[in-house]
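Residue-level listing of the chains:
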Amino acid sequence: MDLNAVRTLVAVADAGQFQRAAADLAISQQAVSKRIAALEKDLGVRLLTRTASGARPTIDGQALLPHARALLQAEERAAASVRPGHRALRVDVIGRRLAPADLLRGFHRAHPATELDVVTLFDADAAFAAVRSGTIDASFRAVTRPARELPDGIETARVHDEPVQLLTGPGHPLAQARAVAPADLVGHRIWMPGLVAGTEWAAYYDALAAAFGLTIEATGPDFGTEPLLDTIADSAVLATLVGEQTRFAWPADQGLRRIPLLDPTPVYPHSLIWHSDNPHPSLAALRRYLDCAEPSPSPNSPFWTPSWVSRTTSAQRFGADGESFHRT
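Residues numbered from 1 in each chain as written. Predicted model: local features only at pLDDT ≥ 70, side-chain atom pairs only at ≥ 80, totals over all residues. Heavy atoms only, no water.

**So, the pattern of salt bridges**
- Overall, the coordinates contain 12 salt bridges when judged by the stated rule.
- The closest approach of N and O atoms between Asp 14 and Arg 69, which form a salt bridge, is 2.8 Å. Placement of the pair is Asp 14 in helix H1 (residues 3-15) and Arg 69 in helix H4 (residues 59-82), with a sequence separation of 55 residues.
- Here Asp 14 falls in the exposed class, since its relative accessible area comes to 52%.
- Accessibility expressed as a relative area gives 33% for Arg 69, which makes it partly exposed.
- A salt bridge links Asp 117 to Arg 90, with the nearest nitrogen and oxygen atoms 2.3 Å apart. Of this pair, Asp 117 sits in strand S4 (residues 116-119) while Arg 90 sits in strand S3 (residues 89-92); the two residues are 27 residues apart in sequence, bridging distant segments of the chain.
- By relative accessible area, which is 30% here, Asp 117 ends up partly exposed.
- A single network of salt bridges, built from pairs that share partners, joins Asp 92, Arg 141 and Glu 200. (Salt bridge = Lys/Arg side-chain N within 4 Å of Asp/Glu carboxyl O. Helix = DSSP H or I, 4+ residues; strand = E, 2+ residues; numbered from the N terminus. Buried < 20%, exposed > 50% of the residue type's maximum accessible area, 1.4 Å probe, protein only.)

In structure tokens, the structure reads:
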């Protein structure tokens with residue numbers, strides 16, 4: 001059914017005259033007549049009767065009018081759902097307990113009127129595909145590809161460096177340390193069953209292990225966060241690595257320890273991914289917020305990132321193995 005013809009029928013019924021409906025629609029009276037005639041031909045019934053004073057709906061026209069108004073309302077709702085500034089900004093945050101979710105919560109506190117639709121996709125490949133297809137507006141990911149290998153139209157910006165910490169149970173040899181260097185972890189078993197080959201987070205921890213000679217095990221099924229924490233809490237030999245902003249809630253009697261890594265501090269490089277032609281105004285607001293939200297590194301504290309991390313600074317110096325160390 002031609003929605004322009006439906007809109008014209010409603011206009012004539014409301015105005016009571018073809019001429020006045022034509023003025024309301026900013027079209028000619030002849031165009032109004034043609035639209036009504038085409039709609040009547042399509043439905044096989046007469047919808048309007050001309051009178052000396054104008055026009056009025058027939059019985060069939062009266063029966064159609066409530067449905068015609070509903071069609072026009074549905075059209076407006078459909079258009080509004082995708083109109084920039086009216087549709088919720090759809091963002092992938094990897095996991096709701098991880099640092100990107102914190103960044104997005106901070107953005108929402110700063111812009112409480114912004115509607116957000118938060119999703120969690122599997123890996124960077126899924127995120128790139130979703131951004132490219134328009135399924136989502138943006139994603140937070142570690143980007144392992146150089147800019148020249150990104151899909152057409154895709155842009156990225158490194159927006160947050162998250163320090164990585166050691167997590168141990170109370171019986172672990174390093175449990176009482178105030179801080180440890182990555183080199184101090186050599187010979188210790190680091191268990192991370194959530195590492196999946198081919199993902200961006202596996203690429204990060206593979207690079208970390210290679211850079212410092214660590215043993216990171218991904219053996220065994222991944223039953224989720226709580227079973228992992230239970231195992232670490234009860235073990236005197238296993239530890240794991242977590243982001244500083246990863247949110248955990250564990251019973252006090254588990255005695256788990258978060259231990260900072262220093263000299264250097266490995267940081268996980270979170271980037272924002274978006275499509276260059278996305279006009280959503282809240283996406284622009286999110287990018288501006290992230291430009292200002294990243295905390296500065298502690299003075300005189302070196303940071304490590306893999307060699308594939310894209311953004312560099314004038315204060316950056318490089319190790320012999322190609323990984324980068326940042327010092328402010």
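So much for the structure itself; the text now carries on.
**A short note on the nonpolar core**
- Counting residues in each nonpolar core, the largest one holds 25 residues, and the members touching the most others are Leu 166, Leu 185, Tyr 204, Tyr 205, Leu 208 and Leu 241.
- Broken down by secondary-structure element, the contributors of at least two residues to this core are strand S6 (154-168), helix H7 (200-212) and strand S9 (238-243).
- The leading source of residues in this core is H7, at 7 residues.
- Those residues within four positions of Leu 185 in sequence are excluded, and the remaining contacts are Leu 166, Leu 174, Val 180, Ile 190, Leu 214, Leu 241 and Leu 261.
- Core analysis: the next-biggest nonpolar cluster, separate from the first, contains 20 residues, Ile 36, Leu 48, Ala 55 and Leu 65 among them. (Core = buried A, V, L, I, M, F, W, Y, C linked by side-chain atoms within 4.5 Å. Contact = heavy atoms within 4.5 Å.)

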